[in-house]
Amino acid sequence: MASSPCGGGNFDCGLEIQTRSVEQTLIPLVSQITTLINHKDKLKKTEKTLRAIQRVGQAVSVAVGRFVAVGEAIAVENEDLKDEMGLACFEARRAGTAIAQLTDVSGLEQCDGDGRSTVFSDRTGMVKAARMLLSSVTKVLVLADCIVIKQIISSRNKVLVTLEQLERVSTFQEFVQIFSQFGNEMVEFAHLTGDRQNDLKDEKKRARMAAARAVLEKCTMMLLTASKTCLRHPDCESARINKEAVFQRMRLALEQVIEIVTDTRSGGEAKALPVSIYAGIKDFKVKVEGLRDSMYCVSCEAMAAQLEALVEKTEDFTDSAYTSHEQRETIIQLCQITRQETKQLINTWRHAQQLLKAKEATDEMELSILKTCQSVSDLRRELHKVAVGRATELLKLHSDHLVLQALKASGGDGNLEAVADYAGTLTEHKEQLVETCRLLCHISGTEPLEITCIHAEETFRVIGPQIISAAQTLALHPTSKIAKENLDVFCEAWESQLCDMAILLKEISDVFEGRRGDKKTYLSLPRPGKHSANLKTVKAAKLDAEEQTTIAKLGLELCLLTSDVDSEVERWDEQDHEIVRLGQIISSMAYSMYLFTRGEGLLKTTLDLFHQAEVLSDQGLQLCPILHSLSTQLLDEDRMLIISETEKLSTACQQLQVCAKTPVQGKSAIFQKVDSSIQNTKGILTVVVYLLPICNKLIRKCQSECSCLSSPQHWREKQLSTPVSEETLNGKSSNGFGVKSLEQHMANLTFLESK
């Protein structure tokens, strides 16, 4: 959106839909309008057809009227949006009236020549009215969404004002009073930003918001204890440094939240993430594989330069003091192999361009493409192994928290010399963790995970020195209970970040192994004994280069289908619906099969692939009775459609199951079985992709009975209110900043004041 998301000016620059709630509110209207526009030109004008068209048109008009009434009420309450909202509401009402007139086809079968413009005679007018309606309703929704952004900005401003007051307090009594207000304001900010985080469409923004909110959650407790320590020991330099670092970090996190919700940066242009090795390898492989379709899509020099940039980034691994000699040598060797394969590819590529003038890759080029892709995949696998291995070792090393315990004990004893020694050890551990987070960022696999790695790196970098300053304060004042409590809070934040790092490590491994961070419960490979009927009858085999090329093309088609499934699943309001769950599982399993065609992921041999195909077919067969159950709730035409597609799905699953279980011998037969397994899987996904939007539409239709935008008031209440439930106040809400523990600290303030 524009830099002033709620201001006037040219509104079109901010018309981008950034939240799921706005998108989902528009979907029913789009469905109804599409129904009206896409009628058959020579539709038979029966009484039933005319009544249906008129009913849909009237439903649209009435719903728009209700919707506009809400928009006009919002305009009255928000003076700065009044003109824009008023114009959008006027256009929406006019378009709704036009649609009602065009669909007023009562008695049309008796008076075809009366000269009236209708949906039948004025298709252009219908399309124009539909476009105006969609445009104006979208403007109303986006303007209403601006109010949510204004609420977050207003809440942040209140928090900042109180934060400045807290920083200047000089007495406990004043601190207790202001911190009580600050706590309430932070609770409100927590709910607003939590709702916004869940509503954002962009995964990167959600990850950045989660990181900023995590900082605010931890810093709220740190701010409390650090401020109390400063008040108790006003002349202590280490306590002052500790407190200032907390306030500074909170301000940066608050600013980041505003940057995300307004889609702007205070310093100007958005800061791009540094390109990770994973992203670089992915882009490099795309360009190499693109040579199959066009040998002129990229220059030889550009490809060579891109590879050198990749190799240069691996120096983060090879230059590290914590990388073993063997690991360093392996990485350097793999880089050299990749250079050689790329050089050979460029030579065959130039030869083909100069001599053959071919538009597509030659057989020799095809082999070079495969070898080059394999070499960079091997490099990525080794880098992943090094980074994950180091992270795992560090987590084990720090699991007993001996250094933190030693710092607490030394500080409590007033032993400044021992604190200094253990501070040096903690600093070394911090540097190891910071560097490991940087390496994990290189191989994380997705931009949201890269953002989480950067957040983890920054957290270790900041909390390490804060623990040391808190320990120094305790050593200077060993009998101070407040100083001890402050050190405990910072140590808990360190331990919490180690736990977060373990979760991050698991998610990175999921992505690498083809699970894409999917938290749904399923096995990528079957349990021993459950799907093992043909374990002894099928010999595992690896495909040669030529066979791999053929399968790779099939795999690419399979990958595109999984993307289509994921896109359709995203459109569902009910993400916990059984159809959605099974669709996600089938898509994830198919994606693992796609990774097999690239020589990546968990499926290493043809035997693994056949096991995966068998499990996938089982999941597809589980979907069939659910679809049959849905069909019983539908009218004749819709019911027959679902039944027909369910039969196709059942047939495709049975074919895949038979194929996966049939024992074969010989390389040629195994290759044919691989080909058939992927072809049958494509057939299953094709049916699933077709069924998902239909089922979504029919389920919505059953629930809403053709009423588009049936409850705009509900949308408004959901977006513009911030109820605080009892569960939230008890610390059970994931959107809160540890509200319960915050209140417990506040309850202890009066008692601590007397210490």
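Structural data are supplied above this passage.
Reading the values: the criteria
Residues numbered from 1 in each chain as written. Predicted model: local features only at pLDDT ≥ 70, side-chain atom pairs only at ≥ 80, totals over all residues. Heavy atoms only, no water. Helix = DSSP H or I, 4+ residues; strand = E, 2+ residues; numbered from the N terminus. Contact = heavy atoms within 4.5 Å. Areas by Shrake-Rupley, 256 points an atom, 1.4 Å probe, with all protein chains shown as cover. Axes fitted to C-alpha atoms, helices over the stretch in contact; angles between N-to-C directions. Parallel < 35°, antiparallel > 145°, perpendicular 65-115°, else oblique. Left-handed = near helix turned anticlockwise from the far one by under 90°. Patch = residues over 30% accessible without salt bridge, like charges linked within 9 Å, V, L, I, M, F, W, Y side chains within 5 Å. Salt bridge = Lys/Arg side-chain N within 4 Å of Asp/Glu carboxyl O. Lys, Arg positive; Asp, Glu negative; His and termini not counted. Charge placed at Lys NZ, Arg CZ, Asp CG, Glu CD. Expected span 1.5 Å × (residues − 1). Polar contact = N/O pair within 3.5 Å; in protein donor to acceptor, adjacent residues only side chain to side chain. Core = buried A, V, L, I, M, F, W, Y, C linked by side-chain atoms within 4.5 Å. Buried < 20%, exposed > 50% of the residue type's maximum accessible area, 1.4 Å probe, protein only.

Draft legend 1. Broad picture of the overall build of the chain. Along the chain, the regular secondary structure elements total 25 helices and zero strands. For the chain, restricting intrachain contacts to residue pairs at least 6 apart in sequence, the fraction spanning at least 24 positions comes to 80%. Carbon and sulfur atoms make up 52% of the accessible area of the chain, which totals about 35,200 Å².

Draft legend 2. Region of the structure containing the packing of helix H15 (residues 447–476) against helix H16 (residues 481–512). Where H15 meets H16, the closest approach of the two axes is 9 Å, and the angle between their N-to-C directions is 160°. One element, H15, and the other, H16, form an angle in the roughly antiparallel class. Crossing handedness for the pair H15 and H16: left-handed.

Draft legend 3. Quick peek at a negative patch on the surface. Negative charge collects at one region of the surface, where Glu312, Glu315, Asp316 and Asp319 lie side by side. As for its position among the elements, Asp316 is in helix H10 (residues 315–318).

Draft legend 4. View of the pattern of salt bridges. A complete count under the given rule lists 30 salt bridges for this structure. The partner of Lys218 in a salt bridge is Asp500, with the nearest N and O atoms 3.4 Å apart. Taken together, the residues Lys218 in helix H6 (residues 203–232) and Asp500 in helix H16 connect sequence positions 282 residues apart. What emerges from the salt-bridge pattern is a single network uniting Arg438, Glu457, Glu458 and Arg461.

Draft legend 5. Just H15, in detail. Taking 1.5 Å of rise per residue, 30 residues should cover 44 Å, and H15 covers 44 Å from first to last C-alpha, within 8% of that figure. Two or three places before Leu449, at the start of H15, stands the capping residue Thr446, its side-chain oxygen 3.2 Å from that residue's backbone nitrogen.

Draft legend 6. How the structure looks around the nonpolar core. With 105 residues, the main nonpolar core has Phe182, Leu223, Phe317, Trp349, Leu440, Ile467 and Trp494 as its most contacted residues. Among the elements that line this core, the one with the most residues is H16, at 14 residues. Ranked by size, the runner-up nonpolar core spans 53 residues in total, among them Ile579, Leu595, Ile642 and Leu656.

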